[in-house]
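Chain residues, written in single-letter form:
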Amino acid sequence: REGCCCGFCLDFLGKAADNMHRPTLSAACLLSLIVGAACFTAPPASLSLAPGLLRSRLASATSRQTAARSLASPATGPVMQMWNWVPEAAARQQRDPARLAPLKPLPENIIIRMASKKAEEPYTNIMQKANPGDFGPDMTAVVDLAKEVGEKGPGDIFGMLFMDQGWRSYLVAEDTNTGEVVACAQLSRIQVGGYVYLTDDLQIKSLYVKEGYRRYGIANHLIHNLLGRLKVTERAWAFCEKDTDPFFLFFSSGFVGINWSEAGMVFPGVLWLFLWPFHAQRLKFSNTIYFAAEGRGGADAFNPAG
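Residues numbered from 1 in each chain as written. Predicted model: local features only at pLDDT ≥ 70, side-chain atom pairs only at ≥ 80, totals over all residues. Heavy atoms only, no water.

1. Some remarks on the side chain of Glu 174
Along the polypeptide, Glu 174 turns up in strand S2 (residues 170-175). Within the local environment of Glu 174, its side chain forms a polar contact with the side chain of Arg 113, the two groups lying 2.8 Å apart. The contacts of Glu 174, once residues within four sequence positions are left out, are Asn 109, Ile 110, Ile 111, Arg 113, Gly 179, Glu 180 and Val 181. (Helix = DSSP H or I, 4+ residues; strand = E, 2+ residues; numbered from the N terminus. Polar contact = N/O pair within 3.5 Å; in protein donor to acceptor, adjacent residues only side chain to side chain. Contact = heavy atoms within 4.5 Å.)

This is how it looks when you write it as structure tokens:
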């Protein structure tokens, strides 16, 4: 949309002032503000432009959208999007389709598989009895990788085990020569709050590769396999600081990098306000780049973590 219902809102408030009591008027004000915010999607800076310049800016934005959509498949993003900024960013960055496949084959002794639920019996503690999958050998190895490679503390480990989606959301890389889990990655929901989460947008995180197994393309294969769990109408995100190893990894894996303000153009305005994982990341690291990629699975792609 290129305008808003501000005129409607003002007229609505004028009539409300004549006919309603103060509590009702307050509710009407709130309703009109919400409707106005949801309907107006042009950048705030454009409000101060002269009418002629504003029209040229809007025409330019429309032409860019049209060009991006002509380069992208009609079903490259979730239906919740008001303006799919990701294909436009991909067109600007001239993303190479060759990067959508793993860059090189895995070493013969490395296999990528889903984390196993199996836990050794007899169970050694009450947590294994309550939830064998999240306290079996594979998840124990994942926790060890998070501590050793990711330098995660007790609070982070608690969140991994009790606040995330559990063992089904992880893939692990195993060295068949030793039986050791040497890398892992997770495809998790993006929580809006409580039990509310996005259905078509997920996040890749907890990506760790053990020292001595890097530069073999293992992380690249983990990412590609996680994207295979998603349909092309679904999308995965990854948050990385600029010019770090993860930044170059996701860029080389075919992801499109956008900044915080561009990420805000992907989601409807009201929803964007509540996407606290995006905002919290920016507050923590101001140079964060938000990487996005469409799913690479077929129409029957299935995410076992739900």
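2. Some thoughts on the packing of aromatic side chains
With the rule as written, the count across this model stands at 13 aromatic pairs. Geometrically, the ring pair formed by Phe 278 and Tyr 290 is stacked, given 5.5 Å between the ring centres and 20° between the ring planes. Here Tyr 290 lies in strand S7 (residues 288-294) and Phe 278 lies in helix H12 (residues 276-284), a separation of 12 residues in the sequence. This pair shows no difference in class: Phe 278 is buried, exactly as Tyr 290 is. Connected via pairs of aromatic rings, a cluster forms that spans Trp 237, Phe 239, Trp 260, Phe 267, Trp 272, Phe 278 and Tyr 290. (Phe/Tyr/Trp six-rings, centres within 6.5 Å; stacked < 30°, edge-to-face > 60°. Buried < 20%, exposed > 50% of the residue type's maximum accessible area, 1.4 Å probe, protein only.)

3. Concerning helix H9 (residues 245-252)
Buried residues of H9: Phe 247, Leu 249 and Phe 250, and no others. The buried residues of H9 occupy an angular sector of 165° when projected down its axis, which confines them to one face. Gly 254 lies just past H9 and shows a positive phi near 90°. (Arc of directions from axis to C-beta.)

4. Focus on the pattern of salt bridges
Enumeration over the complete set of coordinates arrives at five salt bridges. Where Arg 113 meets Asp 138, a salt bridge forms, and the shortest distance between an N and an O atom there is 2.7 Å. In this pair, Arg 113 is assigned in strand S1 (residues 110-114) and Asp 138 in helix H6 (residues 137-148), connecting sequence segments 25 residues apart. Note that Glu 174 is salt-bridged to Arg 113, the shortest N-O span being 2.8 Å. (Salt bridge = Lys/Arg side-chain N within 4 Å of Asp/Glu carboxyl O.)

5. Considering the pairing of strand S4 (residues 196-209)
Across three bridges, the pairing between S4 and strand S5 (residues 235-241) is parallel. Within S5, the residue paired with Asp 201 across the bridge is Arg 235. (Pairing = 2+ DSSP bridges.)

6. Describing the confidence of the model for the protein
In this model, the protein carries an average pLDDT of 73, and 64% of its residues clear a pLDDT of 70 or more. Per-element confidence in the protein ranges from a low mean pLDDT of 41 for helix H3 (residues 51-71) to a high of 96 for S2. (pLDDT = per-residue confidence, 0-100.)

7. Concerning the packing of helix H8 (residues 218-227) against H9
Relative orientation of the contacting elements H8 and H9 amounts to 55°, with a least axis distance of 10 Å. The angle between H8 and H9 falls in the class oblique. Both H8 and H9 take part in a crossing whose hand is right-handed. Along its contact with H8, which presents Ala 219, Asn 220 and Ile 223, the element H9 presents Leu 249, Phe 250 and Ser 252. Here the residues of the contact of H8 with H9 sort into four nonpolar, two polar and no charged. (Axes fitted to C-alpha atoms, helices over the stretch in contact; angles between N-to-C directions. Parallel < 35°, antiparallel > 145°, perpendicular 65-115°, else oblique. Left-handed = near helix turned anticlockwise from the far one by under 90°. Nonpolar A, V, L, I, M, F, W, Y, C, P; charged D, E, K, R; others polar.)

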